[in-house]
Amino acid sequence: MDLLRFTTAGSVDDGKSTLIGRLLYDSKSIFEDQLEAVERFSRKRGDQHVDLALLTDGLRAEREQGITIDVAYRYFATPRRKFIIADTPGHIQYTRNMVTGASTANLAIILIDARKGVIEQTCRHAFLANLLRIQHVVVAVNKMDLVDFAEERFEEIKEAFTSFASRLDNLVEMTFIPISALQGDNVVDKSTQMPWYQGPTLLYHLETVYVGTTENHVEARFPVQWVIRPHSDQWHDFRGFSGRVAGGVFKPGDAVTVLPSGFQSKIKEIHTADGPLEEAYSPLSVSLLLEDEIDTSRGDMIVKSNNPPQMGQDIEAMICWFGEKPMSPRGRYVLRHTTREVQAVIKEVRYKVNINTLHKIEDDLEFHMNDIGRISLRTSAPVIYDSYAKNRITGSFILIDAGSNETVAAGMIRG
Amino acid sequence: MSSIRSYHVSLLQQLESEAIYVLRETAAQFRNPALLFSGGKDSIVMAWLARKAFHPAGLPFTLLHVDTGHNFPETLSYRDTFVEQIGARLLVASVQDSIDQGRAVEERGHRASRNKLQTVTLLDAIAEQKFDACLGGGRRDEEKARAKERFFSHRNDFGQWDPKNQRPELWNLFNGRMHQGEQFRVFPLSNWTEMDVWLYIRQENIPLPSLYFSHQRRVFQRDGSWLDAETGFAQPQTEEPILEKTMRFRTIGDVTCTGAVESPAATLDDIIAEVAAARQTERGTRADDQRSESAMEDRKKEGYF
């Protein structure tokens, strides 16, 4: 894989910005004029040292207050891979930001302060990574310089985290790395202070970890985005259903069903501007041409007939609430799922989760900003879906407040 | 023996298919979107991707050029040829017209630039044509305020960006709903880096304005930038001698605030090697960004791209 998307999770003052600054700096991804600008601003603010966090804090309010307000995306590349970092702030609207950053990530770095060990926030980060089904987690035990680079301390933290994480069933792979972001130990260059650690440096691990793919290549799913009908003599009969493959593999000749109508046909051609393809798979953007004239439009889904998704108006989901206003009981929202938009009403709140203890909350069912829990929804028209566990694209949705047009919740459908 | 089929998708394929997805979402979610086309490489790549996204049909967007009047002649001739090639409609919104109508006031002094005035012209064109979304070639890697942008960036009815109150954007679900009079900016190239853009231009063999390649040019130095002395739009002062040098442009914008770099890079391969070794960001040549620490953020809050 040429591209790795990862998100970083850490609480305030655990050195997250320093770590990202260090990764960018030591991998020579920072330009001279960027560094000069940061030095200038640090001097102007009266800092004693150059604050590498300024590299990632892009807004004026962030630089002035020394805090991160919103998710920022960072890009860097080494000869092995290109990386996209979703850098999520540690305090304000933490859950909302981490869920946003995690929704497109293949890997999460969870930072732990070696002095503090596994704390409540660590559990929260691990829970959210698990909820969003990030299968690969790097636990970076930072500030090892402040615990004398002690192997025992590292092992203690490793054991505590492993014990907590055993209750999280989606984490496929965990790697523990002892680092000092400030001094650069085991970030890009191997530490000389911790000869007892035989594993990879953080960057080497990020460059080489096999994340396989989060794409689903089994169940073929094609949400129709747009219908291409050229009004030209040359392409008179052309009718292409364009979209991005959300799962599985499509080939010419495949028997397909268009949902929700249920009409069946065969794939005649997979069209792209560069010529027809022999097969199309996730995440390629293509246009499908069908053998038969079938009424199909945006919001429909083309699937292989032998492996249909679920379809219905009753949805069970885990949601994370983002709205400033609490969720209204039996409230009506717009539900956007793949390319389809329907009305939805909250039928029942089943429980909320205390994300620090993983306990279910059943006596307070009002959803406020950053609350996570399980609900059931009833929609005005059928939704064509898979469980989030099977497919991140066909298993996810957002809720929109029809009055304010704000995105108020993110949802993951249960199978 | 059976072999496991691998479905490898290259980095450029991933970026291309993501951008096409965003372009199609824009066509589907908005009533009347425009594609901002400046003749710079990012907007060229975006228009190229738009042609692919709707092939074999034409573009469902109007191309909108916000013209400061301070153009390199190469950019204009390139623009007209390219637009004809991809079979698009082009609308030119002129900053000069905004000034003549008293909608915008020209800056004074030899450092005057029309960069800020573009916002007035853009917002007027949006109001006149009733555009509800404008596609821009901005990338998150090019500038720190842009790093905070969404793919679908909501703007209020004054066209303003409110960076502290952005809609969360999850998975590939874009919320383009808005009230009457509000607008969006959409950035299909959000996840592309400067290097990705150049690699894609080489892969696709996309023609570019000759300004991007090394050539002889008469220039003068101001605040560390080499400004053009040939078009006459930037006025050198007496203490700013004119020299002839081997130059190229890393970005192309308004002549008065786009600096050239000394470079022998004459081919795409040369440019890619140069970008890989660069120690300065590409917008380091843009005087419009150097005006203050938050120049881009401030312009976006006023309704800029």
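No experiment lies behind these values; they were computed from the predicted model shown. (Residues numbered from 1 in each chain as written. Chains lettered and ligands numbered in written order. Predicted model: local features only at pLDDT ≥ 70, side-chain atom pairs only at ≥ 80, totals over all residues.)

Let's shift gears to the overall build of chain A. From N to C terminus, chain A includes 7 helices and 22 strands. Relative to the globule expectation of 22 Å for 415 residues, the C-alpha radius of gyration of chain A, 24 Å, shows essentially globular dimensions. Overall size of chain A, expressed as C-alpha extent along the three principal axes, is 70 × 55 × 40 Å. Burial statistics for chain A: of 415 residues in total, 49% are counted as buried. In chain A, once contacts between residues fewer than 6 apart in sequence are set aside, the share between residues at least 24 apart is 71%. (Helix = DSSP H or I, 4+ residues; strand = E, 2+ residues; numbered from the N terminus. Rg over C-alpha atoms; globule rule 2.2 N^0.38 Å. Buried ≥ 20, exposed ≤ 12 C-beta atoms within 10 Å, placed from the backbone. Contact = placed C-beta atoms within 7 Å.)

Residues and elements named next belong to chain B. Per-residue confidence for chain B averages 87 on the pLDDT scale, and 93% of its residues sit at or above 70. Summarising per-element confidence for chain B, the mean pLDDT is lowest in helix H8 (residues 287-290) (61) and highest in helix H1 (residues 11-29) (97). Model confidence for the complex: the whole-complex pTM is 0.92, and ipTM, which rates the interface, is 0.93. (pLDDT = per-residue confidence, 0-100.)

Okay, the domain arrangement of chain A next. When the domains of chain A are assigned, the result is domain 1 (3-208), domain 2 (221-304) and domain 3 (310-413). In this structure, domain 1 of chain A and domain 2 of chain A have C-alpha centres spaced 42 Å apart. (Domains from an automatic or database assignment.)

Counting 180 residues, the largest nonpolar core has Ala108, Ala140 and Val141 of chain A together with Leu35 and Ala50 of chain B as the members making the most contacts within it. Here Ala140 of chain A is in contact with Leu19, Ile109, Leu111, Ile177, Ile179 and Leu202 of chain A, once residues within four sequence places are set aside. (Core = buried A, V, L, I, M, F, W, Y, C linked by C-beta atoms within 7 Å.)

Right, let's get into the interface of chain A and chain B. In many analyses, interface size is given as the accessible surface area lost on bringing the parts together. Contacts between the two partners involve 52 residues from chain A, matched on the other side by 48 residues from chain B. For the side of chain A that touches chain B, the element with the highest residue contribution is strand E2 (residues 72-77) of chain A, accounting for 5 residues. Looking at the side of chain A that touches chain B, its residues break down into 26 nonpolar, 12 polar and 14 charged. (Nonpolar A, V, L, I, M, F, W, Y, C, P; charged D, E, K, R; others polar.)

Next up on the list: the pairing of strand E3 (residues 89-94) of chain B. Residues and elements named next belong to chain B. In this sheet, E3 lies alongside strand E2 (residues 62-67) in parallel orientation, the contact comprising 6 bridges. In the sheet register, Leu63 faces E3, and the bridge partner there is Leu90. Assessed by its sense of winding, the connection that carries the chain from E2 through helix H3 (residues 73-85) to E3 is right-handed. (Pairing = 2+ DSSP bridges. Right-handed = clockwise from strand over helix to strand, strands pointing away.)

This part covers the domain arrangement of chain B. Residue and element names in this part refer to chain B. Annotation of chain B at the domain level lists domain 1 (11-196 + 294-302) and domain 2 (208-290). Measuring from the centre of the C-alpha atoms in domain 1 to the corresponding centre in domain 2 gives 23 Å. At the junction of the two partners, domain 1 supplies 21 residues and domain 2 supplies 23 residues. Grouping the amino acids of the side of domain 1 that touches domain 2 by side-chain chemistry returns 6 nonpolar, 9 polar and 6 charged.

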